[in-house]
Amino acid sequence: MAEGRPPGFLAQALRIAGKDLAIEWRSREVLATMTFLAIVVVLIFSFAFVVEGARPPAAVVSGILWIALVVSGTVGLARAFDREREGEAIRSLLLSPAPRAAIYLGKLAATAALMAITQTVLTGLAGVLFSTSFAAVAGRVALLLGLGIIGFAAAGCVFSAALLRARGRDALLATLLYPIIVPIVIAGARGTSQLIDPIAPDFDGARFWTQFLVAVDVLFVTAGVWAFEPIAASD
Amino acid sequence: MTAAPVVLAKVGKVYGGRRVLADVNVSFQPARVAAVLGPNGAGKTTLLGILSTLVTPSAGSVRWGDQTLGRGSPLRARIGYVGHEPGIYGDLTAGENVALFAGLYGVGDGAGRAPALLARVGLGEARADAAARTFSRGMLQRLALARALVHDPTLLLFDEPAAALDPAGAAWLTRELAAERAAGRTVVLVTHDLAAAAVADQVVILRRGRVVFDETRPGGFGADALRALYEEKTRG
């Protein structure tokens with residue numbers, strides 16, 4: 001045997017996430033597609049809702065942000081396991097001593113990181129287009145978005161892995177994923193809306209939705225870790 | 001290297017009600033090359049999947065030394081696998097692929113170990129920094145072997161490694177199989193290519209999921225004898 005023993009769980013997950021991000025940094029193909037799509041969604045809505053320079057209601061801005069997150073995130077998830085499928089790299093990964101849960105969490109972390117970058121660009125753009133200032137509540141909005149991204153990626157990575165070899169997996173991914181993530185979108189949109197309301201921000205309400213998202217994330221990540229083992233099995 | 005054989009006892013596998021393997025009793029010895037032969041659908045790849053721990057048998061057990069070889073077993077870290085697909089990341093360079101898997105296996109200084117491994121399989125410095133997706137089929141198989149050897153495995157599994165290799169690549173593969181045997185590894189080769197199997201000391205022939213021939217001849221069977229044997233055992 002070569003010297004050394006398999007690294008710890010967290011180190012394995014970070015190595016897998018790092019591999020995905022290094023590949024993406026080199027090509028930027030998924031990130032560029034996600035960001036482009038998100039910008040297009042925001043622009044379309046801005047033309048639809050911004051009338052003669054009037055600021056749209058906070059609920060509308062919030063809804064647009066979360067719809068763009070879902071649309072661009074779906075693109076990222078659809079490609080999340082593409083590199084494992086090509087050349088059957090997934091087999092090498094599953095044969096390695098890395099626990100299945102570490103593989104899952106590594107993929108989740110990489111997907112969430114790409115979504116977070118896209119969402120940062122998007123939030124800035126929405127602020128400009130909709131004359132909405134996020135500065136005063138930046139931390140709280142970032143927390144809501146971050147929690148929403150983790151929950152979305154946690155559910156999405158499971159379906160993305162399950163559909164690894166399925167035909168029409170892009171369409172199937174959205175069909176299976178969207179009903180599951182409805183609570184995340186509702187909680188995120190409501191919470192964000194309450195935070196960015198320029199007249200009467202409701203911090204207590206936003207705190208409730210933040211706590212709700214924490215609970216959903218714990219549920220989704222736990223279920224994802226549990227479900228990934230049988231999904232990853234080749235038989 | 002561990003000198004323990006890998007022993008399959010009454011191993012069976014059923015997929016959706018269809019029996020793919022039944023009552024397989026075979027052992028694979030260290031420092032030997034075993035070729036598993038058989039027509040399409042005989043269960044060869046399933047057998048290799050069970051040995052690799054990626055497929056769970058429906059019946060029987062696989063023992064390696066005093067431990068059971070199965071999913072989640074720490075013995076997984078001592079298995080190397082080369083499939084007909086290379087199992088590497090096309091967007092990473094050859095060196096990065098080797099270093100990535102070295103890291104996952106906990107091999108110290110994976111990046112430092114990569115050049116020597118790549119040189120050993122014939123992918124020298126000139127190719128180490130090229131993206132794997134630019135490689136020919138033969139080069140990908142060489143990289144797949146480097147990836148499979150990065151953790152110095154005791155059990156080395158090959159699934160149709162000669163598929164799509166040119167004659168020079170096939171000759172290289174034969175030399176590699178002999179070299180791995182000389183290094184003391186337990187080598188199991190699943191193939192349709194009787195020329196590639198001629199290097200084997202042990203031949204196992206499967207037919208309809210059952211072992212119809214299992215014999216060891218140190219020094220090999222010879223290509224002509226192997227062909228005659230194969231036709232006899234798989235006829236009808």
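K.L.:
Just checking my understanding: could you explain the overall build of chain A for this structure?
P.N.:
A tally of regular secondary structure across chain A gives nine helices and zero strands. In terms of overall dimensions, chain A is globule-like: its C-alpha atoms have a radius of gyration of 19 Å, near the 18 Å expected for 235 residues. Based on the C-alpha atoms only, the size of chain A along its principal axes is roughly 70 × 30 × 30 Å. With 235 residues in all, chain A has 47% of them scored as buried.

K.L.:
Looking at this model, I keep getting lost on the interface of chain B and chain A. Mind explaining?
P.N.:
It is common to report an interface's size as the accessible area lost on association of the parts. With 30 residues of chain B in contact, the opposing surface of chain A contributes 27 residues. Secondary structure elements with two or more residues in the side of chain B that touches chain A: α1 (44-52), β6 (79-82) and α2 (94-104) of chain B. By residue number, the principal contributor to the side of chain B that touches chain A is α2 of chain B, which donates four residues. A class-by-class count of the residues in the side of chain B that touches chain A yields 14 nonpolar, 10 polar and six charged.

K.L.:
Explanation requested: the environment of Glu88 of chain A in the structure shown.
P.N.:
Along the chain, Glu88 of chain A turns up in the loop between α4 (82-85) and α5 (89-95). Measuring from C-alpha to C-alpha, the distance between Glu88 of chain A and Gly73 of chain A comes to 24 Å, with 15 residues separating the pair along the chain. With near-sequence residues (within four places) excluded, Glu88 of chain A lies in contact with Gly83, Glu85 and Gly87 of chain B.

K.L.:
Please clarify how the nonpolar core should be interpreted in this entry.
P.N.:
Within soluble globular proteins, side chains that are nonpolar generally end up buried alongside one another. Counting residues in hydrophobic clusters, the biggest one holds 149 residues, and the most contacted among them are Ala34, Val36, Val98, Ala146 and Leu189 of chain B. In terms of residues, this core owes the most to one element, helix α7 (residues 138-162) of chain A, which gives 14 residues.

K.L.:
Is there a simple way to think about the packing of α7 of chain A against helix α8 (residues 169-196) of chain A in this case?
P.N.:
Two packed helices can be described by the angle between their axes and the distance between those axes. Residues and elements named next belong to chain A. At a minimum axis separation of 10 Å, α7 and α8 run at an interaxial angle of 175°. Regarding the angle of α7 to α8, the classification is roughly antiparallel. Along the contact surface, α7 presents Arg140, Val141, Leu144, Leu145, Gly148, Gly151, Phe152, Ala155, Gly156, Phe159 and Ser160, while α8 presents Leu173, Leu176, Leu177, Ile180, Ile181, Ile184, Gly188, Gly191, Thr192, Leu195 and Ile196. The residue makeup of the contact of α7 with α8, split by class, is 14 nonpolar, seven polar and one charged.

So, how was this worked out
- Residues numbered from 1 in each chain as written.
- Chains lettered and ligands numbered in written order.
- Predicted model: local features only at pLDDT ≥ 70, side-chain atom pairs only at ≥ 80, totals over all residues.
- Helix = DSSP H or I, 4+ residues; strand = E, 2+ residues; numbered from the N terminus.
- Rg over C-alpha atoms; globule rule 2.2 N^0.38 Å.
- Buried ≥ 20, exposed ≤ 12 C-beta atoms within 10 Å, placed from the backbone.
- Contact = placed C-beta atoms within 7 Å.
- Nonpolar A, V, L, I, M, F, W, Y, C, P; charged D, E, K, R; others polar.
- Core = buried A, V, L, I, M, F, W, Y, C linked by C-beta atoms within 7 Å.
- Axes fitted to C-alpha atoms, helices over the stretch in contact; angles between N-to-C directions.
- Parallel < 35°, antiparallel > 145°, perpendicular 65-115°, else oblique.

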